[in-house]
Amino acid sequence: MNTPTNPMTPATPVADATTGQAPEHAKHAAETWAARYAGAVMNTFGTPQLTLTGGHGCTLVDDEGKEYLDLLGGIAVNVLGQAHPAVVAAVTEQIHTLGHVSNYFATPPHIQLAERLLSIISTDETPEESRVFLANSGAEANECALKIVKAYGVSTGRTRILVLDHAFHGRTLGALSLTWKEAYRQPFAPLIPGIEFIPANDSDALRTAMNEDVAGFFVEPIQGEAGVHVLDDDYLRLARELTREHGALLVVDEVQCGIGRTGAWMGHHHSAITPDVVTLAKGLGGGLPIGACVAFGETASILGPGMHGTTFGGNPVCAAAAVAVLDTIESEGLIEHARDLGHWLRCALREAAPHMISEVRGRGLLIGIELTHDIAPQIVACARDAGFIVNATSAKVLRLAPPLILSQDEAASFVDAFPSMISQAQTMVSAERKDSK
Ligand SMILES: *Cc1c(COP(=O)(O)O)cnc(C)c1O
């Protein structure tokens with residue numbers, strides 16, 4: 001067990017996790033981990049900000065024993081924080097009982113999770129024949145959805161797929177084909193043909209683009225990676241109407257905004273639409289890797305035996321964790337909590353630094369803070385020094401996606417510290433400017 005120390009007191013030496021020996025002092029351990037990371041891990045993410053060695057609830061602990069309030073939640077993943085007893089119990093019991101069997105066999109957690117997902121996503125309009133495919137990540141959930149759309153297109157002679165500008169659907173080549181950012185796409189061109197980007201929240205552009213050649217339309221109810229941009233409820237309803245009218249499939253990517261985060265089980269529940277396909281991942285496993293593609297009605301039988309597969313998908317340990325996550329969200333009233341605390345937090349942040357913030361947006365506990373100046377990365381660094389983990393999606397936008405168990409006091413501690421983080425970041429930017437002159 002970790003014994004967290006107060007960030008204000010000098011760091012206590014911690015044991016080296018692999019050798020079990022206590023290093024001379026913790027600072028040395030930190031340098032050692034950074035050097036070992038650089039020497040062994042592929043450099044796709046740049047230099048890590050910290051090496052983290054422990055956590056409990058919404059608190060993370062680094063290799064020097066310093067504590068941080070986690071307002072990123074492993075990017076909208078740790079809905080129950082770290083080491084939640086319900087997840088620990090579910091995983092522990094399942095790994096003791098049956099760890100992995102492959103999809104040649106059924107297991108109770110796989111079945112229970114599929115049933116549970118259908119029941120939380122369904123509305124009154126959801127068709128009976130809906131089914132779930134379990135995968136291991138958001139990209140894989142979207143690969144499954146894309147294969148459904150492609151197979152539907154091939155069988156009906158539809159060649160076009162619509163996606164929104166600024167969309168993020170993942171990094172595998174199929175999901176990347178649906179992702180907007182040129183820097184992510186360009187090294188791997190050509191990607192899947194027939195995919196067209198249209199501006200979000202633009203009803204006319206959607207009307208113009210939609211016709212009988214469209215096989216499917218992919219949307220995120222909130223574009224998280226793009227900087228937390230919420231799709232209008234009316235726009236989502238129009239998307240449902242037009243796709244239905246023209247016989248195209250509507251795929252809703254709930255990977256980041258699903259599982260209670262927005263103050264509803266699903267981001268699209270706010271607009272009360274029934275999609276053809278919903279994809280999930282991030283928050284679903286409470287920290288364990290899992291994704292899901294949920295297909296409604298006739299869409300659910302487009303992929304037949306042999307058309308898709310995965311070795312790990314439906315893994316009983318991950319599925320058991322996900323069932324525990326869904327049960328706990330319900331029993332602890334975390335959806336209502338996310339809605340109410342998110343509302344309070346957005347208002348409090350606006351008031352905390354009105355001159356430096358141009359907009360605070362989002363729903364529930366998925367929050368984007370747009371700044372008046374390009375200082376978001378510097379605020380991330382200053383926040384870290386002050387003991388808070390936040391994230392910048394661009395030079396101007398901060399993203400918060402904390403565990404749904406975040407308390408009012410924890411949220412308030414961030415709001416209180418926020419103005420001084422901003423002024424420190426401004427000082428930092430001025431110093432950088434002077435240096436570069
Ligand atoms: C993170 C994310 C993905 C990709 O999920 P991975 O698990 O990283 O593959 C897809 N769609 C959305 C909306 C996401 O936020």
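This structure is a prediction, so every number in the text was calculated from the model and none was measured.

Turning next to the packing of helix H4 (residues 108-121) against helix H10 (residues 316-331). With their axes 8 Å apart at the nearest point, H4 and H10 run at an angle of 35° to one another. Of the two possible hands of crossing, H4 and H10 adopt the one that is left-handed. Residues Pro 109, His 110, Gln 112, Leu 113, Arg 116, Leu 117 and Ile 120 of H4 form the contact with H10, whose own contacting residues are Pro 316, Ala 319, Ala 320, Ala 322, Val 323, Leu 326, Asp 327 and Glu 330. Per-class residue counts for the contact of H4 with H10 are 10 nonpolar, two polar and three charged.

A few words now on the site of the ligand. The immediate surroundings of the ligand are formed by Ser 137, Gly 138, Ala 139, Asn 142, Phe 168, His 169, Gly 170, Glu 220, Asp 253, Val 255, Gln 256 and Lys 282. A distance of 2.7 Å is found between an oxygen atom of the ligand and a backbone nitrogen or oxygen belonging to Ala 139. Within the backbone of Phe 168, an N or O atom sits 3.3 Å from a nitrogen atom of the ligand. Taken by itself the ligand offers 380 Å² of open surface, and the protein chains cover 82% of this. For the shell around the ligand, the per-class residue count stands at three nonpolar, six polar and three charged.

Within the open sheet, the four strands sit side by side as E1-E2-E3-E15. Their pairing is mixed. A single partner strand is all that each edge strand has here, and the edge strands are strand E1 (52-56) and strand E15 (388-389). As defined by bridge partners, E1 adjoins strand E2 (residues 59-62) across four bridges and the pair is classed as antiparallel. If you follow Leu 52 over to E2, its bridge partner there is Asp 62.

Moving on to the confidence of the model for the protein chain. For the protein chain, the average pLDDT comes to 93, and 94% of its residues sit at 70 or higher. Low pLDDT, under 50, characterises residues 1-17; the predicted model gives this stretch 29 contacts beyond four residues in sequence or across chains. Low pLDDT, under 50, characterises residues 19-23; the stretch is placed with 11 contacts to residues that sit more than four places away or in other chains.

Each value, and the rule that gives it
Residues numbered from 1 in each chain as written. Predicted model: local features only at pLDDT ≥ 70, side-chain atom pairs only at ≥ 80, totals over all residues. Heavy atoms only, no water. Axes fitted to C-alpha atoms, helices over the stretch in contact; angles between N-to-C directions. Helix = DSSP H or I, 4+ residues; strand = E, 2+ residues; numbered from the N terminus. Left-handed = near helix turned anticlockwise from the far one by under 90°. Contact = heavy atoms within 4.5 Å. Nonpolar A, V, L, I, M, F, W, Y, C, P; charged D, E, K, R; others polar. Near = heavy atom within 4 Å. Polar contact = N/O pair within 3.5 Å; in protein donor to acceptor, adjacent residues only side chain to side chain. Areas by Shrake-Rupley, 256 points an atom, 1.4 Å probe, with all protein chains shown as cover. Pairing = 2+ DSSP bridges. pLDDT = per-residue confidence, 0-100.

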